[in-house]
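What follows is each chain in one-letter form.
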Amino acid sequence: MHCLSRFFSGACRRARDGARTLRRDEGGMIAVEFALLIPIAVLILVAEFTLGEAIGISRKVAITGRTLTDLVARRAVVSSADLTTILNASTQIIAPFPSASLKIVLAQLSTDDKGKTTTVVWNEPFNTTGLVDKSTFVLPAGMAQAGTSLIYAEVRYDYTPPFGAKLIPAVPIRYTFYINPRITSSVQRVN
């Protein structure tokens, strides 16, 4: 019996020593887990920041397009100076994001009396090339109404992520808006 108790007490002692050793080794295991998780956590943080900024720019682009079309649609006559002022106001709307990446085309489109052909009556570009006046324009299905005019704006922002700009190309965020003139059937452009 004495042999048996000595055997069990030795086994218990070895088990206690093994538990102490395991407890001491946990510090190293936690350090390894931490080292593996930090890059993933940083990547998630950067992705969250980038996505949040892209959503903010997307919202600003939509507001810019709606505002510009609405400002033109509220007029009976618009001059080149008025259009320049309206388009320059877009830099304030898009702020705090840089306006160098902002491209806008503001135009009036007119559909003939048969509802078959839509043409560009006038247009004004901002940081891009414009449409060709009197050229044919293809409206989305169901939008062409015979004998009507639309104020059109295409707003594009080329978003370059702040992190990994050399690895990820610029992502175009684009919105297109159409609105009917509010005061008259068409907005006349004068120079």
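Quick summary incoming for the structure in this document. (Residues numbered from 1 in each chain as written. Predicted model: local features only at pLDDT ≥ 70, side-chain atom pairs only at ≥ 80, totals over all residues. Heavy atoms only, no water.)

### A look at the overall build of the protein chain
Along the protein chain, the regular secondary structure elements total two helices and six strands. Burial analysis of the protein chain (191 residues in total) assigns 29% to the buried set. Nonlocal contacts in the protein chain, meaning residues at least 24 apart in sequence, comprise 66% of its contacts between residues at least 6 apart. Total accessible area on the protein chain stands at roughly 12,100 Å², and carbon and sulfur atoms take up 62% of it. (Helix = DSSP H or I, 4+ residues; strand = E, 2+ residues; numbered from the N terminus. Buried < 20%, exposed > 50% of the residue type's maximum accessible area, 1.4 Å probe, protein only. Contact = heavy atoms within 4.5 Å. Areas by Shrake-Rupley, 256 points an atom, 1.4 Å probe, with all protein chains shown as cover.)

### Structural notes on the sheet that holds strand 5 (residues 171-179)
Pairing in this open sheet of four strands is antiparallel, and the strands run 3-2-4-5 from one edge to the other. Two strands in the sheet have a free side with no partner beyond their single neighbour: strand 3 (118-126) and strand 5. Ignoring which end each strand starts from, the neighbouring axes of this sheet average 15 degrees apart. Strand contacts of helix 2 (residues 80-94): strand 2 (102-111), strand 3 and strand 4 (149-159), with the helix running at about 60 degrees to strand 3, the strand carrying the most contacts. (Pairing = 2+ DSSP bridges. Axes fitted to C-alpha atoms, helices over the stretch in contact; angles between N-to-C directions.)

### Digging into the pattern of salt bridges
Applying the stated criterion to the full structure yields seven salt bridges. One salt bridge in this structure joins K103 and D158, with 3.3 Å as the shortest N-O distance. One end of the pair, K103, is in strand 2; the other, D158, is in strand 4, and 55 residues separate them in sequence. (Salt bridge = Lys/Arg side-chain N within 4 Å of Asp/Glu carboxyl O.)

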